[in-house]
Structure formats: structure tokens, C-alpha cells
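Below, each chain spelled out in residue letters.
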Amino acid sequence: MLYSLTEEQEMIKEVARRIAEEKILPKRAELDEKEEFPWDILKEIARADLFGIFIPEEYGGLGFGSFENALAVEQIAWGCAGVATAFAASGLGAYPIFLFGNEEQKHTYLPPIAKGEKIAAFGLTEPNAGSDAGGIQTTAMKDGEYYVLNGTKQWITNAGEADIYVIIALTDKKKGPRGASAFILEKGDPGFSFGKKEKKMGIRASTTGSLIFEDCRIPKERLLGKEGMGFFIALKTLDYARPGVGALAVGLAQAALDEAVKFARQRKQFGQPIISFQAVGHMLADMATQIEAARALIYAVCKYIDTNPKEFAKYAAIAKLFASDVAMRVTIDAVQVLGGHGYMRDYPVEKMMRDAKILQIYEGTNQIQRNVIAQVLNKEYGRKK
Ligand SMILES: Cc1cc2nc3c(=O)[nH]c(=O)nc-3n(C[C@H](O)[C@H](O)[C@H](O)COP(=O)(O)OP(=O)(O)OC[C@H]3O[C@@H](n4cnc5c(N)ncnc54)[C@H](O)[C@@H]3O)c2cc1C
């Protein structure tokens with residue numbers, strides 16, 4: 001469908017698509033099999049300036065918004081959701097600096113991220129704090145001109161590969177979540193090390209690991225915003241990033257549909273291509289319908305975010321929830337359309353199905369997205385009385 005893209009938006013989409021076709025497709029099965037981080041591909045993405053899409057020009061980026069970023073993420077995910085996760089997670093680490101950093105922090109950290117010279121990561125989750133992020137235990141205690149961090153962050157995308165990390169830690173344990181603050185950490189900071197790299201079901205080209213802080217001493221200038229703003233910063237960051245997960249889901253689902261239609265047109269049983277059986281054709285029709293609805297929703301939400309509304313948590317959650325559920329259903333159906341072939345690693349749809357599952361889990365599970373939507377509805381309807 002035509003979405004009236006500007007010339008620049010078309011160009012971003014085409015550049016990302018070309019990288020997906022020429023650089024990602026030939027390598028995705030190998031990256032998945034070897035669980036290898038896609039440095040060569042990320043360098044191609046950097047050469048195309050895509051890491052800086054939403055970063056303002058004065059900080060070395062292209063100065064576009066969420067919508068253009070979504071266009072790029074969608075196409076990269078069409079190639080491989082693991083590569084797209086590594087790419088998008090750098091944006092997740094950049095958002096809090098872009099949104100809450102002071103001028104010095106923005107000038108120091110955003111240009112290398114925008115150019116893809118350094119990638120970023122975002123660390124909120126801990127062994128005892130997943131959905132209940134308010135339960136974090138990592139501390140950052142003020143000590144003169146420094147903060148001293150102690151604790152462990154778990155399942156952090158780009159752990160060990162990224163150079164720049166935004167971490168949420170407690171500066172005042174007594175206040176619970178209201179005592180949390182956000183900090184910029186650099187790989188190589190004394191007392192900052194990495195734990196084991198996880199072995200995952202899918203998105204295996206992306207690295208997931210833990211961050212360990214043992215008396216990690218950082219200058220007090222690394223605090224983002226003010227003390228106590230940590231959870232606000234984390235929630236705003238997730239609001240901006242969640243439609244990106246939706247875009248990733250749309251790209252992945254589209255790739256699964258493309259494979260399913262191609263196969264259904266070629267595969268003959270009972271003397272005819274299986275696409276001519278209504279049961280198969282209807283599955284493909286439902287897949288296409290869901291994908292187009294998800295794409296239209298993601299584009300609309302991203303365009304809304306680009307108007308700088310004060311509050312958009314509900315729409316960010318709706319976008320992530322809907323599109324990730326679509327990606328899960330569509331990839332399962334793609335495997336079904338391919339039958340036994342779909343179950344074999346020689347065909348890409350089994351990887352797509354494994355990759356899709358994480359989209360319903362990370363950046364807040366889909367149950368948590370529903371909680372967010374319901375909480376906002378409750379507030380909105382309460383106000384109307
Ligand atoms: C591959 C991968 C990459 C990740 N990358 C990052 C990253 O870069 N940075 C980062 O900070 N985190 C990251 N995470 C962590 C991710 O955001 C969490 O896994 C996620 O928020 C869920 O937390 P949990 O896994 O601890 O599940 P839990 O919170 O233990 O939840 C278990 C189940 O209970 C349900 N549940 C929990 N509470 C409620 C409730 N109130 N209402 C209804 N249902 C509920 C959940 O939906 C889920 O089904 C990543 C995780 C994975 C697996």
C-alpha cells in the first residue's frame with residue numbers, strides 16, 4: 001500500500017532494504033547458527049547513516065523522527081530480526097541521552113552513536129526485577145565527585161558489544177522506585193564487567209548478557225537528568241522505543257508472508273499449487289490483512305509521536321502489543337503453510353517463528369502492555385466523569 005512517503009523517507013526505506021537484501025539475507029542463517037554478533041552488517045548500516053536517523057543534526061544525526069526510524073527498522077527486520085534487535089537496542093540506549101541529557105552529555109555521547117562508531121545499550125532489568133522494574137536493587141551511592149555502582153543487570157541487549165550504556169540504579173534505597181536515577185556508563189569504567197552471554201531461542205545474531213558493577217566509580221557528571229528521575233526516564237525511553245519493536249515485528253511478519261506465498265505458489269500437491277487450496281489461500285489472506293493493519297498502526301503511532309505529544313504511553317503500548325502478536329501468529333502460520341519444509345532449517349521460516357517470540361516479551365511483556373493500556377483507559381475515563 002502507498003503511505004505517501006516523502007523522497008527522503010523513500011530513500012531511507014530503500015537504503016535499509018538494500019542492506020537487508022545484499023548484506024543480511026546471505027548471512028542470516030549463519031549468524032543464527034553461530035550466534036554471532038553482526039559487526040560487519042552494523043558497519044554497513046553505519047556507513048548508510050541509519051544509526052543517526054532520529055538524532056538531531058547538531059549531534060551528528062540525520063534529524064528525522066520515530067517514523068523514519070521505524071521505516072529503517074522494518075526493512076532491517078525483514079532481513080533478520082536478530083540484526084534489527086542489535087540495531088534498535090542502540091537506539092534504545094541513545095533515547096535517554098537524547099531526551100534527558102544535558103548539552104555536554106549530548107555532544108559527547110550522541111555523535112559516535114549517530115555515526116555507528118559506538119553502539120549503545122539500555123540496562124533496566126535485573127535478576128529479581130523484570131516486569132516489576134521497581135524492584136531493582138543496583139545502587140549508585142554518591143561519594144564526593146563520584147557515584148559508586150554495585151549490582152547486576154540481566155539480559156541486556158548488546159551487553160559487551162556496546163561502548164555506551166544507560167543504567168537505572170537506586171540513589172536512595174529508602175524511596176524505592178522514586179529513589180532511582182539514570183547514569184551513563186562506558187565500557188572500560190573501573191569495576192564494570194560483563195557476565196555470561198545467554199544462549200537463546202531466537203534473535204541469535206543479537207547478544208544478550210549481564211552487566212556487573214562492583215564498586216564501579218563514575219564521575220558525578222554521568223548522572224542523566226536529576227536524582228530520582230530514573231524511572232521517569234526509563235518509562236519515557238520505553239514509550240519511544242516500543243513502536244520500534246512494532247516496526248521490527250511488521251518487517252519480520254512481512255518476510256514470513258513473502259516466504260509463505262512464494263512456497264505456496266511453487267509447491268504442488270494433488271496436481272496443483274497449494275495456494276489454490278482455499279484453506280491455504282485464506283491463511284495467506286489473513287496473514288496479509290494482519291500485517292497491513294499492524295503496519296498502518298505503527299506508522300500512525302510513530303507519526304503521532306513525531307508531533308511531540310506530552311503523553312503517548314497508551315499508543316506506544318498498543319503498537320507494540322498488536323504488531324508483536326501479529327508477528328507471532330503470522331510466523332507460526334508461515335511454518336504451517338510450508339508444512340514439513342517449514343520445520344527444516346534449510347528454510348528461513350522456522351528461524352522467523354523463533355525470532356518472533358521475543359517481541360511479545362522484551363521491552364515489557366504483552367501482559368504488561370495490556371496493563372499500561374488499561375491503566376491509561378481507567379485514568380482517561382475517570383477524567384471524563
Ligand atoms: C532476549 C532479551 C533481551 C532483552 N533486552 C533487554 C535490554 O536490552 N534491557 C533491559 O533492561 N531488559 C532487557 N530484557 C528484559 C525484558 O525486558 C524482560 O525479560 C521483560 O520485561 C519481562 O521480565 P521477566 O523476563 O523478568 O518476566 P517476569 O516479570 O518474571 O514475568 C513472567 C511472566 O509473568 C507475567 N507478569 C508479570 N507481572 C505481571 C503483571 N503485573 N500482570 C500480568 N502479568 C504479569 C509476565 O507477563 C510474564 O508472562 C531482555 C530480555 C530478553 C529475553
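Just so you know, the residues in each chain are numbered from 1, in the order the chain's sequence is written. For this predicted model, a pLDDT threshold of at least 70 governs which residues receive local features, and a threshold of 80 or more governs which side-chain atom pairs are given and counted, while totals over whole chains, interfaces and linings are taken from all residues. To obtain the side-chain values, all non-hydrogen atoms of the structure were included, while hydrogens and water were left out.

Lining the immediate environment of the ligand, one finds 20 residues, of which F122, T125, S131, T157 and T365 sit closest. Throughout this description, a polar contact denotes any pair of N or O atoms lying within 3.5 Å of each other; where both atoms belong to protein, one of them has to be capable of donating a hydrogen while the other can accept it, and for residues adjacent in sequence the pair is counted only when both atoms sit in side chains. One of the backbone nitrogen or oxygen atoms of L124 is found 2.8 Å away from an oxygen atom of the ligand. Interatomic distance of 3.0 Å between a side-chain N/O atom of Q367 and an oxygen atom of the ligand. Areas reported as accessible are Shrake-Rupley estimates using a 1.4 Å probe. Residue values count occlusion only from the protein chains shown. Protein chains shield 65% of the accessible area of the ligand, which is 970 Å² for the free molecule. Numbered from the N terminus, helices here are DSSP runs of H or I no shorter than four residues, and strands are runs of E no shorter than two. Of all the elements in the fold, those that place two or more residues in the shell around the ligand are β1 (120–123), β3 (146–157) and α12 (366–384). Charged residues are taken to be Asp, Glu, Lys and Arg, nonpolar residues to be Ala, Val, Leu, Ile, Met, Phe, Trp, Tyr, Cys and Pro, and polar residues to be all remaining types, Gly included. Tallied by class, residues from the shell around the ligand come to eight nonpolar, ten polar and two charged. Note that the domain bounds reflect an automated or database-derived domain assignment. If you count residues domain by domain, the shell around the ligand takes at least three from each of domain 2 (121–228) and domain 3 (231–383). Put simply, a residue is near a molecule or strand once any heavy atom of it comes within 4 Å of that molecule or strand.

On to the UniProt feature "domain: Acyl-CoA oxidase/dehydrogenase middle" (unreviewed entry) in the protein, then. Feature annotation in UniProt places "domain: Acyl-CoA oxidase/dehydrogenase middle" (unreviewed entry) on residues 121–216, given in this structure's numbering. Here residues 121–216 is 0% helix and 51% strand, with 18 Å between the C-alpha atoms at its ends. UniProt positions are given in the numbering used here, feature names are shortened, and annotations may be inferred rather than shown by experiment.

Attention now goes to the layout of surface pockets. Gaps left between atoms are located by rolling a probe of water-molecule size over the structure's atoms. Looking at the second largest pocket, its volume works out to about 280 Å³. Around the second largest pocket, the lining is made up of 18 residues, and of these K13, E74, Q75, R295 and Y299 lie nearest the centre. Counting only elements with at least two residues in the lining of the second largest pocket, the list comes to α1 (7–24), α4 (66–79), α7 (230–266) and α8 (278–305). A per-element tally of the lining of the second largest pocket places α1 first, with four residues. Residues from two domains meet in the lining of the second largest pocket; each of domain 1 (7–118) and domain 3 (231–383) gives at least three. Only protein atoms enter the 1 Å grid, on which a cavity is a set of points fitting a 1.4 Å probe that cannot get out and a pocket is an open set with protein on both sides within 12 Å along at least 5 of 7 lines, lining residues being those with an atom within 4 Å of a point. Grid points are joined across faces, edges and corners, and a volume is the space filled by probe spheres set on the points.

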